[in-house]
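Take a look at the letters that make up each chain.
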Amino acid sequence: MNKDKKVLLAPLDPVHDIGLKIMNRALKENGYETILLPPDYQPEEILKSALDNEVGAVLISRTLGYGVAELLSKFIDQAEAVGLREKVKIAIGGMGIRVELAQELGYDAGFGPGTVPEQVIAFIEDREPVLDLSGAIKSKKDITQGFDYKYANKRIEELLDQIAEKTLAWAADKTTSAIQRAELRRQMLDLPEGAEKEEARKQYVQLSDEKIRNFYENGTMPPYTRPLAPQEMADLEKYVETTKAQMRMKKLQKTDKNPTVFIQYGTGCPFMDIAHAKVGESWGADGVVHFDPSWNARAEGFLEGVLTHEQDGTIITWENLKKIKESLEPSTLWQVRAHRGLNTPETVLMAGKAGADMTKINVAYGSLGGGTDPARLTVDAIQCMKYAKEFDMPFDVVTNEELCGVPAAKAFAGMLTTAHIAIKMGCRPVLQPLFVYSPEVMITGEMEDNYVDFNAGKIMALRSIINAPIWPGAPIGFLTQTEDRVQSSLSTAMHGALASSLGVEAISIASSDEAYSGGPIAGPSRIDTLTALKESFRFFGSASIKPTEQADVIAEKIVNGIIDTLEKALEYETFPVALYAGVYGSTAEGAYPGRGGKGSVVTK
Amino acid sequence: MIMETCLKKVMDAVDIETFFVCKDEEEGRELALALLEKFGLKDTDIVFIEHSGPGARVRARGYLYRAGDQYAWLEGEN
């Protein structure tokens, strides 16, 4: 149809005509002459207007309800009876309208919720719509940008400086088998096939645990693990290629203030992880975090190959990481965790070489709640930071020891100590306070009235100390969520809205079945929370959530607790010694210095 | 389209959410698991159930695949 004919817009509805008014404006802006009838016209009146004005198209709107389908169908019959049907295009739009329904009722097109004017104009003009997908074109965000790591709290800076200096000096002449393996892995990845590479591999195997040696020397797979077959690999490549070609990514953020959103994957199978990551990307996740199994972290040495695993956590191998990275969209931030266990330097090295955007380096949590010896993890973490700097990867520092029962102030002191060591080394750490219903507050009752104040107090405390990026997690709302899909999605959305209101840089979110322990997370459950979060961003926009005055009290208490913890830590020789002594969380508080790798730190 | 064809295209699990008119949670659980079985799902569980008043709101799940399985939707790509 060309523009010399008018378009008739008629609500075949007693009340609703908003959609038509929006379309009317768009048509006018596009040079069409239109006739917009008011609501509550009879079909005969609409048809008469169409005939009298010799229109080229009729756009009907109607909210569906009981008996409405018959009414709409009858309208088409009437249009045919008066000779209009074959002359003009007739479309129906409104809530509840679907393309299939419109066709069934005899309309040329149907426009449901979410229709954009271009789709209607394209229909009138007999062409394919040119949709503006700019909202879905995403770019990779550096969440550390704009932060100078300057301290507003000079007392805390002074304490951290002294602890970090002592610790770095102590670690300067120390090494571990993990650090040696990481360098051997670098050679195994960089060297061409040949004797030198074989020698590196041989040395690597010698520095590994027996079960890892068995894998390399005898091909023995750990339990519940198998290599993926060549046909499966070929199928995966095709799947990724096809999926990438049809990717349309939603954007969760309504305003620039809304945080970058990460989801976590670790089904056990890199293929299922890829499938989940693609679902997450499509529904708006900005980043994905690799979860590995704890046995994988606790062994000395990594396996090789594209390996699947029947239990939680996806095995870290160079090949698994590469496959996952290759499947991701260019805008997706990819984080590989190296926050606990006996392979952290190698993890960061491989993550960096595989193209990861971020990693996760930690000492206090990995030592007190993650089962790794504090001295071992400290020496390894410093090497991790060197690699993070080499590959220009920011990393977050978690405070998950809070989940063991360690008070937030002590956990924050541990996080800040690790972060300060990193800052001194020229790295870009991201602070990761928990945004959860932690055991500490279950006991103190500080979340009895609401979930806002304690979380807000944490962010306010950190903001008052240092100008650093903050990424609450992980996931936000943990321990507030149940297996109920609606409750868990809403809880995630509310915590996300609060995090956004507090101006944090990023968040990690759960799926709506994260609290279910009977089986793996299912793909659709990831969509639930992403959708809920998007709606919360839409709901609040630039508006804020106002904590009560209690948040200020909590913030002050946390800051004082951090100072108190750091002053005590300074009495000890180094950071790990203070960790052993329970300064950053005692056994009474549920923090147990790990034994993994105990006694394995050696002088170079 | 036959059920088998549809199930082959499920990424990992089917969740069925409904409300059973039943006397208690146990009856709701039995009904949900029986329903999943009728759909041909074998690896089943109740993700969430809450009984109140007239019956139970249920989120029941049947896994088509767990990690490490061979996924039919992947095979279908070639």
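Model, not experiment: these values are computed from the prediction.

Across its full length, chain B holds three helices and three strands. Going from the N terminus to the C terminus, chain B shows its helices and strands as α-β-α-β-β-α. The C-alpha radius of gyration of chain B comes to 14 Å, more than 25% above the 12 Å expected for a compact globule of 78 residues. The principal-axis extent of the C-alpha atoms belonging to chain B is close to 50 × 25 × 15 Å. Considering chain B as a whole, with its 78 residues, one finds that 41% of them fall into the buried category.

Counting 128 residues, the largest nonpolar core has W334 and Y584 of chain A as its most contacted members. In this structure, A50, A79, L105 and Y107 of chain A belong to the second largest nonpolar core, which totals 24 residues.

With that settled, consider the pairing of strand β3 (residues 57-61) of chain A. Residues and elements named next belong to chain A. Across the five residues of β3, five count as buried, placing the element largely inside the fold. Alignment of strand β1 (residues 7-11) against β3, held across five bridges, turns out to be parallel. By the bridge assignment for β3, L8 is matched with V58. Where β3 and strand β4 (residues 89-93) come together, five bridges link them in parallel fashion. Residue pairing for β4: I60 is matched across the bridge by I92. Tracing the backbone out of β3, into helix α3 (residues 68-81) and back to the parallel element β4 gives a crossover that is right-handed.

Moving on to the interface of chain B and chain A. Of the residues lining the interface, 25 residues belong to chain B; the matching set on chain A comes to 36 residues. Interface of chain B and chain A: buried area, both sides summed, is about 2300 Å²; carbon and sulfur atoms make up 55% of it. One salt bridge connects R59 of chain B with D528 of chain A, and the closest N-O pair in it is separated by 4.0 Å. Across the contact surface, chain B and chain A share 14 residue pairs in polar contact (both at pLDDT 80 or more). Secondary-structure elements contributing two or more residues to the side of chain B that touches chain A are β1 (13-21), β2 (43-52), β3 (55-63) and α3 (72-75) of chain B.

On the surface, a cluster of nonpolar side chains totalling about 320 Å² of accessible area is made up of M442, I443 and L479 of chain A. Structurally, the position occupied by L479 of chain A is in the loop between α19 (452-465) and α20 (485-501).

A separate point is the sheet that holds β4 of chain A. All names here are of chain A. The sheet built from five strands is open, its strands ordered β2-β1-β3-β4-β5 with parallel pairing. The strands lining the two open edges of the sheet, one partner per strand, are β2 (34-36) and β5 (109-111). With strand direction ignored, the average angle separating the axes of adjacent strands in the sheet is 20°. When β1 meets β2, the two strands line up parallel, connected through three bridges. Note that in β2 the partner of V7 across the bridge is T34. In the packing of helix α1 (residues 18-29) onto the sheet, the strands contacted are β1, β2 and β3, and the crossing angle to β1 comes to about 170°.

All right, on to the sheet that holds strand β12 (residues 358-361) of chain A then. Residue and element names in this part refer to chain A. Pairing in this open sheet of seven strands is parallel, and the strands run β14-β13-β12-β11-β9-β8-β15 from one edge to the other. Every other strand in the sheet has two partners, leaving β14 (429-432) and β15 (506-509) as the edge strands with one partner each. In this sheet, adjacent strand axes meet at a mean angle of 30° when their direction is disregarded. Sheet analysis places strand β13 (residues 395-398) next to β14, joined by four bridges and oriented parallel. By the bridge assignment, D396 is partnered in β14 with V430. Sheet strands touched by helix α16 (residues 374-390): β12 and β13. Its angle to β12, the strand with the most contacts, is close to 165°.

Our next topic: the domain arrangement of chain A. Partitioning chain A into structural domains gives domain 1 (7-132) and domain 2 (164-171 + 224-589). One C-alpha centre belongs to domain 1 of chain A, the other to domain 2 of chain A, and the line joining them spans 50 Å.

Before going further, it helps to examine the packing of helix α6 (residues 154-171) of chain A against α16 of chain A. Residues and elements named next belong to chain A. Orientation of α6 relative to α16, taken along the N-to-C sense of each, is 90°, at an axis distance of 10 Å. When the interaxial angle is binned, α6 and α16 end up roughly perpendicular. From α6, T167, L168, W170 and A171 reach across to α16, where they touch A375, T378, V379 and I382.

Residue and element names in this part refer to chain A. On inspection of all chains with the given rule, the structure shows 10 aromatic pairs over all chains. Plain terms: the ring middles of Y204 and Y216 are 6.0 Å apart, the flat faces sit at 65° to each other, and that makes the pair edge-to-face. With Y204 in helix α8 (residues 195-206) and Y216 in helix α9 (residues 210-218), the pair connects residues that are 12 residues apart, well separated along the chain. The two residues Y204 and Y216 agree in class, both being buried. Ring geometry for F539 versus F540: centroids 5.0 Å apart, planes at 80°, classification edge-to-face. Judged by relative accessible area, F539 falls into the exposed class, the value being 66%.

About the criteria used
Residues numbered from 1 in each chain as written. Chains lettered and ligands numbered in written order. Predicted model: local features only at pLDDT ≥ 70, side-chain atom pairs only at ≥ 80, totals over all residues. Heavy atoms only, no water. Helix = DSSP H or I, 4+ residues; strand = E, 2+ residues; numbered from the N terminus. Rg over C-alpha atoms; globule rule 2.2 N^0.38 Å. Buried < 20%, exposed > 50% of the residue type's maximum accessible area, 1.4 Å probe, protein only. Core = buried A, V, L, I, M, F, W, Y, C linked by side-chain atoms within 4.5 Å. Pairing = 2+ DSSP bridges. Right-handed = clockwise from strand over helix to strand, strands pointing away. Contact = heavy atoms within 4.5 Å. Buried area = accessible area lost by both parts, 1.4 Å probe. Salt bridge = Lys/Arg side-chain N within 4 Å of Asp/Glu carboxyl O. Polar contact = N/O pair within 3.5 Å; in protein donor to acceptor, adjacent residues only side chain to side chain. Patch = residues over 30% accessible without salt bridge, like charges linked within 9 Å, V, L, I, M, F, W, Y side chains within 5 Å. Areas by Shrake-Rupley, 256 points an atom, 1.4 Å probe, with all protein chains shown as cover. Axes fitted to C-alpha atoms, helices over the stretch in contact; angles between N-to-C directions. Domains from an automatic or database assignment. Parallel < 35°, antiparallel > 145°, perpendicular 65-115°, else oblique. Phe/Tyr/Trp six-rings, centres within 6.5 Å; stacked < 30°, edge-to-face > 60°.

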